[in-house]
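Here is what each chain is made of, one letter per residue.
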Amino acid sequence: MDNRILGLHHITAIADNAKRNLDFYTQVLGVRLVKKTVNFDDPGTYHFYFGNENGTPGTILTFFPWEGIGQGTNGSGMATHIGYSVPKGSLEFWKNRLQGLNIKVEESEIFGEKLISFKDPDGLQLQLIEPSAEDSRKVWTTDELKDENALKGFHNVTLTLKKAEPTMKVLTDILGYDLQKQEGERYRLATNAIDTANLVDIIENDKTLAGRNAAGTNHHIAFRVKDDQVLMEYREKVLSAGLSITPKINRDYFYSLYFREPGGVLFEIATDNPGFTVDEPLNELGTHLKLPAQYEGMRDKIEGVLPKLS
């Protein structure tokens, strides 16, 4: 049994407007709405999951679109940049597509990989990257986005921290990552358990002001494990390192543990099981409002307060 961290599971961020968020990710970036549910702690707020056809771990970007929450501030103690892998040769297509929609695009290169950077409507910092390694993940296609340019899933996530070492120690000593590269104040860590969605970058800058969570900022990042048994092994590892961690929590589509690493970023460890087809078939993913069992009796009331999506 593979008891390693299998890269990133999902990344969760905050938005200000549900319809705008849904339209941008499904229509502009062309990822699939894999699940339409509600926030476990705030059932009057949607929880959207975007990914590939199956919602494969490592492709899943999720949002809490809290209506009117206002703009947050990216800064220290946060996952500040989300990097998607795209097919080789597709960056020019994406640059033209985004600029055609009046989205500002910046071109650059990190660790020898070409990328473009831009922001979603709430200011969340996104990067599309042509990875140096082969990425054979199956993409979700639309009328406008085909195999040759559709998003593959996560390539990396970038943490901005005042000090890199305490967080790197968690990544290496607990989660099994290795320091792979360093260029100036940027570090790249990788897990060799999987070839994709396996990178965490750290930017160390003690002058960066602390971030403030609201729209356009990251809420947490989740690391992937095979199942509940492995999950609980990691709980013991985190506790043994002197960090606080939650009990196992059932999130309907995976089981989770949460802990805050020393740099301030909220980490989650999440299981592959049971997956997104547990409550609707593959061909219908994202088409129904799925509610946690404790809220099913309040469906009419919840549907009445949720923002309109059309």
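Predicted, not measured: the structure shown is a model, and the values here were computed from it. Every residue gets a number counted from 1 within its own chain, in the order that chain's sequence is written. Reporting of local features is limited, given that this is a predicted model, to residues whose pLDDT is at least 70; pairs of side-chain atoms are given and counted only at 80 or more, and all residues count toward the totals for whole chains, interfaces and linings. Just so you know, side-chain values use all the structure's heavy atoms and leave hydrogens and water out.

**Section: the overall build of the protein chain**
1) Next: Strands are runs of DSSP state E lasting at least two residues, helices are runs of H or I lasting at least four, and both sets are numbered from the N terminus onward. Of the regular secondary structure elements, the protein chain holds 5 helices and 16 strands.
2) Next: The C-alpha atoms of the protein chain give a radius of gyration of 18 Å, which matches the 19 Å a tight globule of 310 residues would have.
3) Next: Partly exposed residues are those whose accessible area sits between 20% and 50% of the maximum for their type, while under 20% is buried and over 50% is exposed, using a 1.4 Å probe and protein chains only. In the protein chain, buried positions account for 57% of the 310 residues.
4) Next: Expressed as a percentage of contacts within the protein chain between residues at least 6 apart in sequence, the contacts between residues at least 24 apart total 67%.
5) Next: Only the protein chains shown count as cover for residues, and the accessible areas themselves come from Shrake-Rupley with a 1.4 Å probe. Here the protein chain has roughly 13,200 Å² of accessible surface; of this, 47% comes from carbon and sulfur atoms. The atom set for the radius of gyration is the C-alpha atoms, and the globule formula is 2.2 Å times the number of residues raised to the power 0.38. Whether two residues are in contact is decided by their heavy atoms, any of which lying within 4.5 Å being enough.

**Some words on the pairing of strand E6 (residues 106-110)**
1) Next: By the bridge criterion, 5 bridges tie E6 to strand E7 (residues 113-119) in an arrangement that is antiparallel. Within the sheet, the bridge partner assigned to Ser 108 lies in E7 and is Leu 115.
2) Next: Only when DSSP finds a minimum of two bridges between them are two strands counted as paired. In this antiparallel pair of consecutive strands, E6 and E7, the connection spans 2 residues, and Phe 111 shows a positive phi of 50 degrees.

**Comments concerning the sheet that holds strand E5 (residues 78-85)**
1) Next: Spatial strand order, E6-E7-E8-E5-E9-E12-E11-E10: 8 strands in an open sheet with mixed pairing. Of all strands in the sheet, those with a lone pairing partner are E6 and strand E10 (178-183), marking the two edges. Neighbouring strand axes in the sheet, compared pairwise and without regard to direction, differ in orientation by 25 degrees on average.
2) Next: Sheet analysis places E5 next to strand E8 (residues 125-129), joined by 5 bridges and oriented parallel. Across the sheet, residue Gly 83 finds its bridge partner in E8, namely Gln 127.
3) Next: Docked against the sheet, helix H3 (residues 165-174) engages strand E9 (153-161), E10, strand E11 (186-190) and strand E12 (199-204), running at close to 165 degrees with respect to E12. Angles run from 0 to 180 degrees between N-to-C directions of axes, and those axes are lines fitted to C-alpha atoms, restricted for helices to the stretch in contact.

**Comments concerning helix H2 (residues 91-100)**
1) Next: Residues Leu 91, Trp 94, Lys 95, Arg 97 and Leu 98 constitute the buried set of H2. Down the axis of H2, the buried set is contained in an arc of 170 degrees. They therefore lie on one face.
2) Next: Against helix H1 (18-28), E6, E7 and E8 lie the buried residues of H2.
3) Next: Following H2 by one or two positions, Asn 102 adopts a phi angle in the positive range, close to 60 degrees. Comment: arc refers to directions from the helix axis out to C-beta atoms.

**Examining helix H4 (residues 228-240)**
1) Next: Its 13 residues give H4 an end-to-end C-alpha distance of 19 Å, which sits within 8% of 18 Å, the value for a rise of 1.5 Å per residue.
2) Next: When H4 is considered as a whole, its buried residues turn out to be Asp 228, Val 230, Leu 231, Tyr 234, Arg 235 and Val 238. Buried residues of H4, seen end-on, are gathered within an arc of 155 degrees and therefore sit on one face of the element. Across H4 from its buried face, at more than 90 degrees, point the exposed residues Gln 229 and Ser 240.
3) Next: Buried residues along H4 sit in contact with H3, strand E13 (218-225), strand E15 (254-260) and strand E16 (266-274).
4) Next: The definition of a polar contact used here is a pair of N or O atoms within 3.5 Å, where within protein one atom must be able to donate a hydrogen and the other to accept one, and adjacent residues in sequence count solely through side-chain atom pairs. The N-terminus of H4 is capped by Asp 227, whose side-chain oxygen sits 3.2 Å from the backbone nitrogen of Gln 229. To estimate the expected span of a helix, count its residues, drop one, and scale the result by 1.5 Å.

**What about the sheet that holds strand E2 (residues 32-39)?**
1) Next: Spatially, 8 strands are ordered E2-E3-E4-E1-E13-E16-E15-E14 in an open sheet, and the strand pairing comes out mixed. Each edge of the sheet is formed by a strand with only one pairing partner; in this case those strands are E2 and strand E14 (249-250).
2) Next: Bridge analysis of strand E1 (residues 8-15) against E13 gives 5 bridges, and the strand direction is antiparallel. If you follow Leu 8 over to E13, its bridge partner there is Phe 223.
3) Next: Of the strands in this sheet, E13, E15 and E16 are in contact with H4, which crosses E15 at around 10 degrees.

**Concerning the pattern of salt bridges**
1) Next: Put simply, a salt bridge is a Lys or Arg side-chain nitrogen that is within 4 Å of an Asp or Glu carboxyl oxygen. In this structure the tally under the stated criterion is 20 salt bridges.
2) Next: Ionic pairing is found between Asp 2 and Arg 4, a salt bridge with its closest N-O pair at 3.0 Å.
3) Next: Overlapping salt bridges, with partners in common, bring together Glu 113, Arg 186, Arg 188 and Asp 201 in one network.

**A few points about empty space enclosed by the protein**
Empty space left among the atoms is revealed by rolling a probe the size of a water molecule over them.
1) Next: In the cavity and pocket records, a cavity denotes points on a 1 Å grid over the protein atoms alone where a 1.4 Å probe fits but cannot get out, a pocket denotes an open set with protein on both sides within 12 Å along at least 5 of 7 lines, and lining residues are residues with an atom within 4 Å of a point. Grid points are joined across faces, edges and corners, and a volume is the space filled by probe spheres set on the points. Enumeration over the complete set of coordinates arrives at 1 cavity of 30 Å³ or more.
2) Next: Here the largest cavity is characterised by a volume of approximately 70 Å³.
3) Next: The wall of the largest cavity is formed by Gly 30, Val 31, Arg 32, Gly 51, Asn 52, Thr 59, Tyr 84, Trp 140, Ala 150, Leu 151, Lys 152 and Gly 153.
4) Next: Amino acid classes used here: Ala, Val, Leu, Ile, Met, Phe, Trp, Tyr, Cys and Pro are nonpolar; Asp, Glu, Lys and Arg are charged; the rest, including Gly, are polar. Its residues placed into classes, the lining of the largest cavity shows 5 nonpolar, 5 polar and 2 charged.

**Some details on the environment of Ala 210**
1) Next: Relative to the helices and strands, Ala 210 resides in the loop between E12 and E13.
2) Next: Distance from Ala 210 to Asn 74, taken between C-alpha atoms, is 7.8 Å for residues 136 residues apart in sequence.
3) Next: Leaving out residues up to four positions away in the same chain, Ala 210 has contacts with Gly 75 and Ser 76.

**Here we look at the nonpolar core**
1) Next: Counting residues in hydrophobic clusters, the biggest one holds 73 residues, and the most contacted among them are Tyr 25, Leu 175, Phe 223 and Phe 267.
2) Next: Looking at this core, the element that brings in the most residues is H1, giving 5 residues.
3) Next: If near-sequence neighbours (up to four positions away) are discounted, Phe 267 is found in contact with Leu 159, Thr 167, Val 170, Leu 171, Leu 175, Ile 221, Phe 223, Leu 257, Tyr 258, Phe 259 and Glu 261. Residues grouped as a nonpolar core are buried Ala, Val, Leu, Ile, Met, Phe, Trp, Tyr and Cys residues, joined through side-chain atoms within 4.5 Å.

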